[in-house]
Amino acid sequence: MMSDIQSIHDFDLELICEYFAGLDRQGPGSPEVTNRALDFIEGLNENSRIADIGCGTGGQTIVLARRAPGKIIGIDLFPRFIDLFNANAKKAGLQEKVVGRVGSMDNLPFEEGEMDLMWSEGAIYNIGFEKGLNEWRRYLRQGGYVAVSEASWFTESRPAEIEEFWRDAYPGIDTIPAKMAQLQSAGYMPVACFALPETCWTDNFYAPQAEAQRAFLAKHPGDAGARGFIENQRHEQRLYEKYKEFYGYAFYIGKKL
């Protein structure tokens, strides 16, 4: 039986932005995961240029900036996210090293070969994994790195309910070996891949949303769109709890050849 839950694509972008602006993280992840992925990046120095694409409010960017030498520019489509991003950088005392700018990930403000590292946690799906890898490659210097986390299947087959949900939410989802092959085909040497632990979803992404959802609904009483969006989020969480052995996020790291 098909669910009557609306697709995430049916909701107003400003409504989605307002909701996620109230959260420290806009997707699954953790400081430990950011640092683990950074361990595979070599050759950064004080002159390195790093881009965090789809940076959101900068939770992972601050972690990155505390360890990685060089300057970091965060790019996100939503001005509200970028305002919070720059405020968070200032609060962390990193405003001289980290700056956020409003922009689109399919029209980045960089020169060819300018960047040493293209980073993106849980956001490349907005442009598509293959398209993002191919388009962002030109901004990297020879030997530069790309590091992205991406929704991925952990098994070759899975129950129809979760298959249908993800095919609607993100048709580009695929297995980890398929994603690694796409990374190589885009002109990178595959350096590393690892699955994000379950706590990145349960503790760091879904748990903080309980209070955020109550506050959001209280702010929008009687708003069918807000109510539908929150039910969509709750439905997504229920599906993860039911089917988490079949999918999750994986980090992919490649070096430009």
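Below: a short report on this structure. Each chain has its residues counted from 1, following the order in which its sequence is written. Totals for whole chains, interfaces and linings use all residues, but because this is a predicted model, local features are given only for residues with pLDDT of at least 70 and pairs of side-chain atoms are given and counted only at 80 or more. Side-chain measures were taken over the full set of non-hydrogen atoms in the model, leaving aside hydrogen atoms and water.

## Focus: the overall build of the protein chain
Then step 1. From N to C terminus, the protein chain includes 10 helices and 8 strands.
Then step 2. It is over C-alpha atoms that the radius of gyration is taken, and the globule rule equals 2.2 Å times the number of residues to the power 0.38. Taking 2.2 N^0.38 as the reference for a compact globule, 257 residues should give roughly 18 Å; the C-alpha atoms of the protein chain span a radius of gyration of 18 Å, in line with that estimate.
Then step 3. By principal-axis analysis of the C-alpha atoms, the protein chain measures approximately 50 × 45 × 30 Å.
Then step 4. Buried means the residue's accessible area, taken with a 1.4 Å probe over protein chains only, is under 20% of the maximum for its type, while exposed means over 50%, and partly exposed covers the values in between. Burial statistics for the protein chain: of 257 residues in total, 53% are counted as buried.
Then step 5. In what follows, a contact means two residues having at least one pair of non-hydrogen atoms within 4.5 Å. Taking the contacts inside the protein chain whose residues are at least 6 apart along the sequence as the reference set, 76% of them involve residues at least 24 apart.
Then step 6. Put simply, the protein chain shows about 12,000 Å² of open surface, and 49% of that area lies on carbon and sulfur atoms.
Then step 7. Side chains of the protein chain carry 27 positive and 37 negative charges; the gap between the two charge centres is 5 Å. The helix and strand labels rest on DSSP assignments: H or I over at least four residues marks a helix, E over at least two residues marks a strand, and numbering proceeds from the N terminus. In this description, accessible areas are obtained by the Shrake-Rupley approach with a 1.4 Å probe, and a residue is regarded as covered only by the protein chains that are shown. Charged-residue counts in this description rest on Lys and Arg as positive and Asp and Glu as negative, His and the chain ends being excluded. In this description, the location of a charge corresponds to atom NZ of lysine, CZ of arginine, CG of aspartate or CD of glutamate.

## Things to note about the packing of aromatic side chains
Then step 1. Whether two aromatic rings pair depends on their centres lying within 6.5 Å, for rings of Phe, Tyr and Trp, where Trp uses its six-membered ring; planes under 30 degrees apart make the pair stacked, over 60 edge-to-face, and the rest tilted. Counted according to the given criterion, the structure contains 23 aromatic pairs.
Then step 2. Centroid distance Phe78 to Phe81: 5.2 Å. Interplanar angle 75°. Geometry classified as edge-to-face.
Then step 3. Both rings, one in Trp201 and one in Tyr247, keep their centres 6.0 Å apart while their planes meet at 90°; by these two values the pair is edge-to-face. Highlighted residues: Trp201 in helix H8 (residues 199–206) and Tyr247 in strand S8 (residues 247–256), separated in sequence by 46 residues.
Then step 4. Overall, Tyr247 belongs to the buried group, its relative accessible area being 1%.

## Considering helix H6 (residues 160–169)
Given 3.6 residues to a turn, an α-helix orients residues that are three or four positions apart in the same direction.
Then step 1. Looking only at H6, the buried set comprises Ile162, Glu163, Phe165, Trp166 and Ala169. Burial along H6 is one-sided: seen end-on, the buried residues are contained in an arc of 165°. Relevant arc is that of directions from the helix axis to the C-beta atoms, nothing else.

## What about the side chain of Ser152?
Then step 1. Mapped onto the elements of the fold, Ser152 is located in strand S5 (residues 140–153).
Then step 2. The class of Ser152 is buried, set by a relative accessible area of 0%.
Then step 3. Within the structure, Ser152 has its side chain in polar contact with the backbone oxygen of Glu150 (distance 3.0 Å). Pairs of N or O atoms are called polar contacts if they sit within 3.5 Å, as long as, within protein, a hydrogen donor faces a hydrogen acceptor (for residues adjacent in sequence, only side-chain-to-side-chain pairs).

## Here we look at the packing of helix H9 (residues 209–219) against helix H10 (residues 224–243)
Each pair of packed helices can be described by the angle between their axes along with the distance between the axes.
Then step 1. Direction vectors running N to C along H9 and H10 enclose 170°, while the axes themselves pass 10 Å from each other. By the angle between their axes, H9 is roughly antiparallel relative to H10. Helix-helix and strand crossings are classified by hand; for H9 and H10 the assignment is left-handed. Contacts between H9 and H10 involve Gln209, Gln213, Phe216 and Leu217 on the former and, on the latter, Ala226, Arg227, Phe229, Ile230, Gln233 and Arg234.
Then step 2. In this classification, the charged set is Asp, Glu, Lys and Arg, the nonpolar set is Ala, Val, Leu, Ile, Met, Phe, Trp, Tyr, Cys and Pro, and all remaining amino acids, among them Gly, are polar. When the residues that make up the contact of H9 with H10 are grouped by side-chain class, the tally is 5 nonpolar, 3 polar and 2 charged. Each axis is a line fitted through C-alpha atoms, taken for helices only over the stretch in contact, and angles between the N-to-C directions span 0 to 180 degrees. Oblique is the label for any angle not covered by the other classes, which are roughly parallel (under 35 degrees), roughly antiparallel (over 145) and roughly perpendicular (65 to 115). A crossing counts as left-handed when the near helix is turned anticlockwise from the far one by less than a right angle, and as right-handed when that turn is clockwise.

## Overview of the pairing of strand S4 (residues 115–121)
Every regular strand shows the same layout, with side chains that alternate between the two sheet faces.
Then step 1. Across the 7 residues of S4, 7 count as buried, placing the element largely inside the fold.
Then step 2. The pairing of strand S1 (residues 49–53) with S4 spans 3 bridges and is parallel. Of the residues in S4, the one forming a bridge with Ala51 is Met118.
Then step 3. Pairing between strands is defined by DSSP: at least two bridges between the two strands are required. Here S4 runs beside S5; their pairing, made up of 6 bridges, is parallel. When the sheet's bridge partners are listed, Trp119 is paired in S5 with Ala147.
Then step 4. What joins S4 to S5 is helix H5 (residues 129–137), and the crossover it makes is right-handed. The crossover handedness rule: strands pointing away from the viewer, path from first strand over the helix to second strand clockwise, crossover right-handed.

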